[in-house]
Amino acid sequence: MPDQTRDNAKRPHDWFSLPRRSQDSAEDAARPFDWFSLADQPQSPVEKDGPTLTGTDLEAWREQFRPFLNHVRDKDVVLVLSGGGMLLPCHISVIRVLELLDVSITKVYGTSAGAVIGGLYSAGMTTTQLEQMMLDIGSPDDLFGVAARYPQLRFATNEVRRKLLGISPEESGVYDLMQVERFVSDALIKYVGRIPRLRELTRDFSSIALDMGTGNDRDEYVGKSVLSREDTPDLRLSDAISASMAIPGVFPPKRIGDRYYVDGTVIEQLPITTAVDVWRRERRRFRPRRLVIVAVDLGVAGTAPSRDKLRNPVDLVIHTYEIQGRIITQHSLIEAHRPRHGTSVVIIRPARLEIALHEIEKIPRALCSAYEETVRQLSGSGFLDTTHAELASARKELGIARG
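Residues numbered from 1 in each chain as written. Predicted model: local features only at pLDDT ≥ 70, side-chain atom pairs only at ≥ 80, totals over all residues. Heavy atoms only, no water.

(A) A look at the packing of aromatic side chains. Within this structure, the stated rule accounts for five aromatic pairs. Both rings, one in Phe68 and one in Phe383, keep their centres 5.8 Å apart while their planes meet at 70°; by these two values the pair is edge-to-face. With Phe68 in helix α4 (residues 66-72) and Phe383 in the loop between α15 (363-378) and α16 (385-398), the pair connects residues that are 315 residues apart, well separated along the chain. The residues Phe68 and Phe383 share a single accessibility class, namely buried. Between Phe144 and Phe251, the ring centres sit 6.1 Å apart and the planes meet at 40°, which makes this aromatic pair tilted. Here Phe144, found in helix α8 (residues 141-144), pairs with Phe251, found in the loop between α11 (237-244) and β5 (254-256); they are 107 residues apart in sequence, far enough to count as distant. In this pair, the class of Phe144 matches that of Phe251, namely buried. Taken together, the ring pairs connect Trp35, Phe36 and Tyr371 into an aromatic cluster. (Phe/Tyr/Trp six-rings, centres within 6.5 Å; stacked < 30°, edge-to-face > 60°. Helix = DSSP H or I, 4+ residues; strand = E, 2+ residues; numbered from the N terminus. Buried < 20%, exposed > 50% of the residue type's maximum accessible area, 1.4 Å probe, protein only.)

(B) Spotlight on the environment of Ser206. Tracing the chain through its elements places Ser206 in strand β3 (residues 204-211). Separated by 25 residues in the primary sequence, Ser206 and Asp231 have C-alpha atoms spaced 9.3 Å apart. Leaving out residues up to four positions away in the same chain, Ser206 has contacts with Val108, Tyr109, Gly110, Val226, Leu227 and Ser228. (Contact = heavy atoms within 4.5 Å.)

(C) Summary view of the pattern of salt bridges. Applying the stated criterion across every chain yields a total of 27 salt bridges. Note that Arg194 and Glu200 form a salt bridge whose closest N and O atoms lie 3.0 Å from each other. A relative accessible area of 40% places Arg194 in the partly exposed class. Assessed through its relative accessible area of 31%, Glu200 is described here as partly exposed. With a closest N to O distance of 3.1 Å, Lys224 and Glu268 form a salt bridge. One end of the pair, Lys224, is in strand β4 (residues 223-228); the other, Glu268, is in the loop between β6 (259-263) and α12 (272-282), with 44 residues separating them in the sequence. Using a relative accessible area of 29% as the deciding quantity, one classes Lys224 as partly exposed. Each of Glu181, Arg236, Asp239 and Lys254 takes part in one network of salt bridges that share partners. (Salt bridge = Lys/Arg side-chain N within 4 Å of Asp/Glu carboxyl O.)

Any functional reading would require information that these geometric values do not contain.
In structure tokens, the structure reads:
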């Protein structure tokens, strides 16, 4: 695919024009993907029955990433995973590429879809297991409950129940959050053997949610909540994940104790500010090493919604939150990407397609195309192109001078 980020950085753009994602390209749509497996990578080129590179061939393949590897060498590297609805398989592909490059990740931060993959990965699931978990989804009902393909019907049914019977906040969404939580819990039990608490994870993990209070006091705190080993060590991982992905109007709020939480996308779509704040706090008493944030952004980044999204209320809600999330991300990026002060952000945008909540048949395609896109973006000297382009856009549109 042609590299659009360099061209985009040179020309005027408005709020949502940079950089654009090529949606559902004809080339991708015509390709079969049932043969693809992340476990078979790297191949060069990626193809059916292509040999997996080993030995000197593998080392030669890694050489194309030398500028990126030099950039992260001897630095603290944290992984930040954004929300993105059913594009969450793309996160797995990025993690696989980082594994192949032997990049050591010290912490993982996730919002919404990123909290799902980041949390399961931090619990010890391998990329092969994460990939298999996604491929094993046989129907959208497995994730979202009965009649998942018909949100209007589910909404109407809930409205009838609310009018006639009255329902609790935990029952108020179009989709069933408990069904998603069961899916996460089943994966943990199958591959990890239990549902761990945040203090028990093999890798430090934080999920981002919006704390909405108890519903009993209008003066209560409402704001960002970081669910982590440090702040909520005894919280079950499945609860931390579901709190971060409870999209308002789509899922009911997640109740933990006496408080309700909704999707972290509302407050921090790509949690790079949280990552920098934690790093600075923990390094306060020591001479700090430098920090590299590998930020995987599945947001829309200016892509106009398709006609299918425009007529599907749930997908349109998610798309709107992602646009809002990008504005917040622009502010965060300007503050976080300060190489002279020891912090830098490498943005990866691996998604080349749209996936509606019910389009599980696109999962194999998302895994393959995201792998190829990640390889493309991280190879060569242009691994910071997307970051620089987004910074240029943010400074122009937000009216912030270069600092």
